[in-house]
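The chain contents come next:
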Amino acid sequence: MATEPVNVNEFQELAKKILPKMYYDFYTGGAEDQHTLKQNVEAFQRILLRPRVLVDVSRIDMSTTVLGFKISAPIMIAPTAMHQLAHPEGEVATARAADACNTIMVLSFSSTRTIEQVAASCNAVRFYQMIAPKLKNLEGLMPTEVDFVSARKAVEAGVAGVIVSNHGGRQLDFSPATVSVLEEVVHAVGGKVPILFDGGVRRGTDIFKALALGAQAVLVGRPVVYGLAAMGQNGVRSVIEMLKNELELTMALSGCPTLKDITRSHVRTAHESFHSKL
Ligand SMILES: Cc1cc2nc3c(=O)[nH]c(=O)nc-3n(C[C@H](O)[C@H](O)[C@H](O)COP(=O)(O)O)c2cc1C
């Protein structure tokens, strides 16, 4: 690997070299046999892209609005605990990098207060304050246990939005990979609230696939922590910028100048590939 990482996975290699093993294992690991953890990444690799030609892609617009908050690309930062183990500036550095990239860091409740104290004007806090009045329960943005029944319940309970998530494979091992159930959640929610997605996003193509299956934006967990561990605020910024650049390229090569142009027909799932061979 060159000294400067050129993709998100190379930040993981750097973080592995820098962090004490115990901390690295804490961030990287998943529940039990880590089946779900691995599947979150591998399920993306089974989805193929179907590019379109003869489309003017000289200008690519990746901007979107999530729950009233305008961001430059559909890439947000997931709540992952204890950033100070990765870097002395911890979550504050992450929040500042989010601001610099014009995106949102979604706060876990434990980190809300820390960030409010030190970086009160950052997007993370503004986003939290913006969605807080909409909340009927404390989760607000409810991580659904990758299941459409839970998603329906969450919407009935009045959540502001749903995050299709299995907590990065850290809770129930052998729960399905998030991207493999995204579409069923999208159908169950039926457009009533925005759907966000996380789990295994490591490439711009992954983001494109999640959007094609109905997510409004994705959240990125571990890669941000690896960026933070490797290079502090600049590392987080690089991780987000790399994903943005990769998404931009994917959109251009797929014939999608805006996010609205990314449709279900731009992807072929493993299931569809199997049926096409019958
Ligand atoms: C070290 C670590 C700590 C986490 N802590 C929280 C948390 O406090 N609250 C929460 O909602 N999710 C938490 N998560 C889950 C993330 O928000 C997110 O769902 C997951 O990291 C996304 O998968 P990815 O790491 O493959 O991007 C944590 C994840 C990791 C890796």
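Here we summarise the structure given alongside this text. Quantities reported herein were computed from a predicted structural model and do not represent experimental measurements.

**Concerning the pattern of salt bridges**
Point 1. The full count for this structure, using the stated rule, is 4 salt bridges.
Point 2. Taking the shortest distance from any N to any O, the salt bridge between Lys21 and Asp25 comes out at 2.6 Å. With Lys21 and Asp25 both in helix 2 (residues 21–28) and 4 residues apart, the pair spans about one turn of that helix.
Point 3. Residue classification places Lys21 among the exposed positions, given a relative accessible area of 62%.
Point 4. A salt bridge links Arg203 to Glu246; the nearest nitrogen and oxygen atoms lie 2.7 Å apart. Note that Arg203 is positioned in the loop between strand 7 (195–198) and helix 9 (204–212) and Glu246 in helix 10 (residues 222–254), a separation of 43 residues in sequence.

**Brief notes about the packing of helix 7 (residues 148–156) against helix 8 (residues 178–189)**
Point 1. Between helix 7 and helix 8, the shortest axis-to-axis distance is 8 Å and the interhelical angle comes to 35°. Where helix 7 crosses over helix 8, the handedness of that crossing is right-handed. Along the contact surface, helix 7 presents Phe148, Ala151, Arg152 and Val155, while helix 8 presents Glu184, Val185, Ala188 and Val189.
Point 2. Its residues placed into classes, the contact of helix 7 with helix 8 shows 6 nonpolar, no polar and 2 charged.

**Observations concerning helix 4 (residues 90–100)**
Point 1. With 8 of its 11 residues buried, helix 4 lies for the most part within the structure.
Point 2. Within the sequence span of helix 4, burial applies to Gly90, Glu91, Val92, Ala93, Thr94, Ala95, Ala97 and Ala98.
Point 3. One or two positions beyond helix 4, positive phi appears at Asn102, with a value near 60°.

**Focus on the side chain of Thr103**
Point 1. If you trace the backbone, Thr103 turns up in the loop between helix 4 and helix 5 (109–118).
Point 2. Of the residues examined, Thr103 reaches a relative accessible area of 1% and is grouped as buried.
Point 3. Residue contacts for Thr103: discarding those within four places in its chain leaves Ile71, Ile75, Met76, Ala98, Asn123 and Ile240.

What counts as what
- Residues numbered from 1 in each chain as written.
- Predicted model: local features only at pLDDT ≥ 70, side-chain atom pairs only at ≥ 80, totals over all residues.
- Heavy atoms only, no water.
- Salt bridge = Lys/Arg side-chain N within 4 Å of Asp/Glu carboxyl O.
- Helix = DSSP H or I, 4+ residues; strand = E, 2+ residues; numbered from the N terminus.
- Buried < 20%, exposed > 50% of the residue type's maximum accessible area, 1.4 Å probe, protein only.
- Axes fitted to C-alpha atoms, helices over the stretch in contact; angles between N-to-C directions.
- Left-handed = near helix turned anticlockwise from the far one by under 90°.
- Contact = heavy atoms within 4.5 Å.
- Nonpolar A, V, L, I, M, F, W, Y, C, P; charged D, E, K, R; others polar.

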